[in-house]
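A closer look at the structure
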Amino acid sequence: MDKMNYKGQIGVTSHIEMGSLDGAMLPMHDLVDECLYSSEMDAQKTQPILSTQRLLFSGLRVGGYKMTRNGVYKSIKTVVFSNKLNLLMPFGPLAIMVHKMSASNSWVFFLSLLGITPLAERLGYATEQLAFYTGPTVGGLLNATFGNATELIISIYALKSGMTRVVQLSLLGSILSNMLLVLGCAFFCGGLVHYGKEQVFSKATAVVNSGLLLMAVMGLLFPAVLHYTHTERKVGKSELSLSRFSSCVMLLAYAAYLVFQLKSQNDNYVPVGEEGSHNGENDDDEDEVPEISKWESIIWLAIMTAWISILSDYLVDTIEGASEAWDVPIAFISVILLPIIGNAAEHASAIMFAMKDKLDISLGVAIGSSTQISMFGIPFCVVIGWAMGREMDLNFQLFETATLFITVIVVAFFLQEGTSNYFKGLMLILCYLIVSASFFVHEDPSAVGQSKIPKT
Amino acid sequence: MGERLQQQQSGRSMILAAVAGVALTAPLLGMMGFSFLATLTLLFISLPLLLLFSPLLLFVGLVFMVALAGFAIAATMAFAGVSALAWIYREIRGSLGASSWGSSLLPVKFATKMDYKQQVGAQSHVEMGSVEDRSMLDLDDECLDSPGTEVQKTQVPFSGQQLPFSDGFPIGGNKMIRNGVYGSIKTVVFSNKLNLLMPFGPLAILVHKLTTSNGWVFFLSLLGITPLAERLGYATEQLAFYTGPTVGGLLNATFGNATEMIISIYALKSGMTRVVQLSLLGSILSNMLLVLGCAFFCGGLAYHRKEQVFNKATAVVNSGLLLMAVMGLLFPAVLHYTHTERRAGKSELALSRFSSCIMLVAYAAYLFFQLRSQNDLYSPIDEEGSHHEEGSDNDEDEAPEITKWESVIWLTILTAWISILSDYLVDTIQGASEAWDLSIAFISVILLPIIGNAAEHASAIMFAMKDKLDISLGVAIGSSTQISMFGIPFCVVIGWMMGREMDLNFQLFETATLFITVIVVAFFLQEGTSNYFKGLMLILCYLIVAASFFAHEDPTTTDQSKQPKT
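Residues numbered from 1 in each chain as written. Chains lettered and ligands numbered in written order. Predicted model: local features only at pLDDT ≥ 70, side-chain atom pairs only at ≥ 80, totals over all residues. Heavy atoms only, no water.

Helix and strand counts for chain B come out as 19 helices and two strands. Across the 566 residues that make up chain B, the buried fraction comes to 57%. Taking contacts inside chain B between residues at least 6 apart in sequence as the whole, the part at least 24 apart equals 82%. Carbon and sulfur atoms make up 69% of the accessible area of chain B, which totals about 23,200 Å². (Helix = DSSP H or I, 4+ residues; strand = E, 2+ residues; numbered from the N terminus. Buried < 20%, exposed > 50% of the residue type's maximum accessible area, 1.4 Å probe, protein only. Contact = heavy atoms within 4.5 Å. Areas by Shrake-Rupley, 256 points an atom, 1.4 Å probe, with all protein chains shown as cover.)

Before going further, it helps to spend a moment on unusual backbone geometry. The phi dihedral of A:D327 falls on the positive side, at around 60 degrees, and the residue is not glycine. Non-glycine residue B:D467 carries a positive phi angle of around 65 degrees. Secondary-structure assignment places B:D467 in the loop between α15 (454-465) and α16 (469-498).

For the rest of this paragraph, the subject is the packing of aromatic side chains. All names here are of chain A. Tallied over the full model, the rule gives 24 aromatic pairs over all chains. The interplanar angle of 20 degrees and the centroid separation of 5.2 Å between the aromatic rings of F376 and F380 together place this pair among those described as stacked. Of the two residues, F376 and F380 are both situated in helix α14 (residues 359-388); the distance of four residues between them amounts to about one turn of the helix. (Phe/Tyr/Trp six-rings, centres within 6.5 Å; stacked < 30°, edge-to-face > 60°.)

Residue and element names in this part refer to chain B. You can see L360 is positioned in helix α12 (residues 346-382). With 181 residues separating them in the primary sequence, L360 and C541 have C-alpha atoms 29 Å apart. Apart from the residues within four sequence positions on either side, L360 is in contact with M485, F486, P489, F490 and V493.

Attention now goes to the packing of helix α11 (residues 294-326) of chain A against helix α12 (residues 330-342) of chain A. All names here are of chain A. The contact between α11 and α12 brings their axes to 9 Å, and the two run at 115 degrees. Classified by the angle their axes make, α11 and α12 are roughly perpendicular. Where α11 crosses over α12, the two elements pack in a sense that is right-handed. Along the contact surface, α11 presents L315, I319, E320, A322, S323 and W326, while α12 presents I330, I333, S334, L337 and L338. (Axes fitted to C-alpha atoms, helices over the stretch in contact; angles between N-to-C directions. Parallel < 35°, antiparallel > 145°, perpendicular 65-115°, else oblique. Left-handed = near helix turned anticlockwise from the far one by under 90°.)

All names here are of chain B. Here chain B averages 72 in pLDDT, and 62% of its residues register 70 or above. Averaged pLDDT values for the elements of chain B fall to 36 in helix α5 (residues 148-154) and rise to 93 in helix α18 (residues 532-550). For residues 96-176, every residue scores under 50 in pLDDT, and the model assigns this stretch 237 contacts once sequence neighbours within four places are set aside. The low-confidence segment residues 559-566, where pLDDT is below 50, has 17 contacts with residues more than four positions distant or belonging to other chains. The ipTM value of the predicted complex is 0.74, and its pTM value is 0.71. (pLDDT = per-residue confidence, 0-100.)

A word on the interface of chain A and chain B. Reports often express the size of an interface as the amount of accessible area lost when the parts come together. Facing 33 residues of chain A, the contacting portion of chain B comprises 36 residues. Here chain A meets chain B over a buried area of about 3,100 Å², counting both sides, of which 80% is carbon and sulfur. Among the residues chain A hides against chain B, the three largest losses belong to A:F413, A:F423 and A:I434. Together they make up 22% of the total. Counting across the interface, chain A meets chain B through zero salt bridges. Applying the counting criterion to the chain A and chain B interface returns one residue pair in polar contact (both at pLDDT 80 or more). The greatest single-element share of the side of chain A that touches chain B, amounting to twelve residues, is contributed by helix α16 (residues 422-440) of chain A. (Buried area = accessible area lost by both parts, 1.4 Å probe. Salt bridge = Lys/Arg side-chain N within 4 Å of Asp/Glu carboxyl O. Polar contact = N/O pair within 3.5 Å; in protein donor to acceptor, adjacent residues only side chain to side chain.)

Listed below in structure tokens is the structure:
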């Protein structure tokens, strides 16, 4: 959704200013995550032809007609075989096999991590395809919810196992890696490619997102500070109730943010829609052609979610074993390794868009994802934990909260200018190195003594 | 051909300078020694008499002797000065009309000061127009104390432009390229009123030998370092004329805060890592709040009606770097204070060293980025016309005052002097803290940087009053960035090599102070305008910081023992 929103909001303004977004009124779908790895040409020769446009996640480009009924085989071909990243897919079942055969936790962890990566990317693809059929509003909501579905699924499984600390750390790690690593790489690569000029992006959206991130930090800061100054009224209970209340407030804020974005998008689109045929909106089939039918999207969505759940289960089970086997703290694995590998697809797409000088979309991928996790993912997990009876709160411990705070401030500062160059990207990447180094030497007191509650 | 002739001449003058230098300093030292010996003899003779009569007289006698010694030194220097003057006069008579040398003189100083000038130069050409395309020399530290005209009447005219660090020797458009030793000394040593503080250096050494008063030695060596620091900056700029923009920029970037670095390295050697941390922190704070605040304040008062503007982009980049430095400092401190390190004591050190390397890489990238964007900015402007004096061979406006070898020699001499005085400074800091009943933290964070930075302070204010706010910002914020992204990590790495356990954990109080200060300053800078009120707020913030350090007892310095010097 954030990706869409970015597109929507700049759509109008940039029409006048930038002009670098060619065919500015292209639907969201095309702009997000274009062909990840191989050029379209390769795919064309070997795969059946499906639609005109350069479609996401598949480099199929020909003709001008839509295939609405794919057989099961064609469907599988479209979804599963069209992306090079899907070479990693066999690792999923392989992880399950290794788990059954040997007791090597670290291998199972590593293989399930690799197996989840393509599934996460396909999930995003299926969500976008479905969004074609549901119209912009519900489509936006879909993307807003499922945008970080992988992280949420992993978190819910961890919550079920009672590993609340892993949940906190992995969500925190997602935010940090999106804000620093993904954004930094995007700025850096974009800056190198477009060396002479300074790339610009929509300052307004960046500022709104920074504001939301700061609000999330505020929501996380109070329970932590309350705990560390030992000034809560009822020790242990106060933070939890404060966290749950704050989570509801944050979810409300996120819902309002979605409403605000959708409404401003609609307002932006109505006048623009009449401007000409170059703007391909809802009923223009020439530009956005979904590759699979509506029911196929839903089915694939369900299948992907199920697979991700299975692999997440193995992932969460073996994280402690992997930490012992590799001699790295659980904090480091949760905060640094998990998000980097899990986010690989988004990472690559953000870099690609930056190199094509579509920095707003990169920003949407990176910062929008961070906002989504911080304002929706974390509070949602708290509420789910509440429903499950797990004591998940917003007290991320002092070290992590301080890390998030300084990171959000640094990034908000970098974003407020509205321009980017390779040096800013390099600085963000170096900041991420400092963050990961500090987590490498950081011993998380609560993760060490965390026992796993038998799965319910 | 003129180059070769000039090279021959400079080679000859170099040898001459060396010989003359020896010849000059020998009698100087001789006179100093003689006067010292004389006073000692006098004291020895009169001591029994004084003892017989009254202890008070003895004290008075001592003071009298010290004053005598001081006078002797001053007299010697005056003598040397007068003779140098006469020699110079003769030299000028002989070599009026010598050709100027069109060597690689690019009017680009790349320190923080240069950078600001450069970046402003290109853009402001369109916007402001208030930053004239004068030579770099003019822009930095112009006449510190007196107006140039006064001096003109009394001193021999030296060169065309009103050059910084030298009280206006305006004459024709001629440049002296060959300074003899006298000329060199005159240019470097006698041309700035601040150099009146120079005798305090040797005086400090003298007092140290004579008495055990640590407080006085500390104070005197501090005063003695101030003019040397300023001259070091001058020598660096002069050298930068000869080395071209790139190396010149690198030179200024490294030597810009050489004084603080030398003091820190001596403190590291003595094992006083806390003093290092505190003095570097104090430098950053004083540059960001005090110097910048004074510059904004004075500039705002001088330009009462309009709001002064500065280049927002550079300010934002510098603020971003400062924030990154704060991040680098924050993690080890928070790691330590949440007691969450994997191996207590070792983890922070390892993290600090890793972060320092990263920060040095970031600083190198920053220099690279600035130099590249500067070059890109300048090539189109060069073609725009003669009003843009960026051309390498335009000698009219930027004329270095001393030759390349003189710069190098002076650089070495000044660095050596600063090292000597730093040694005394570091040795006596604890004694001074006890004598004056101030905490070491306060002395290191507040006093040391204020006095050490006096020259930069004055120059920043002066430029602000001339509405060249970008240069003031370059001096102030650029210096802070340099210390935080280069100075501190460099000290950590040097400590690593020396085997000292210097880390980036500045303790919670200091880290919190730096954090809030950087946020406040970044916030003030992001608008791109300034007025006297902003300056006043920054100065008042500095007063708050100073007061909090006055009331702050640093737990680690009270029991820090000095390790034997290696």
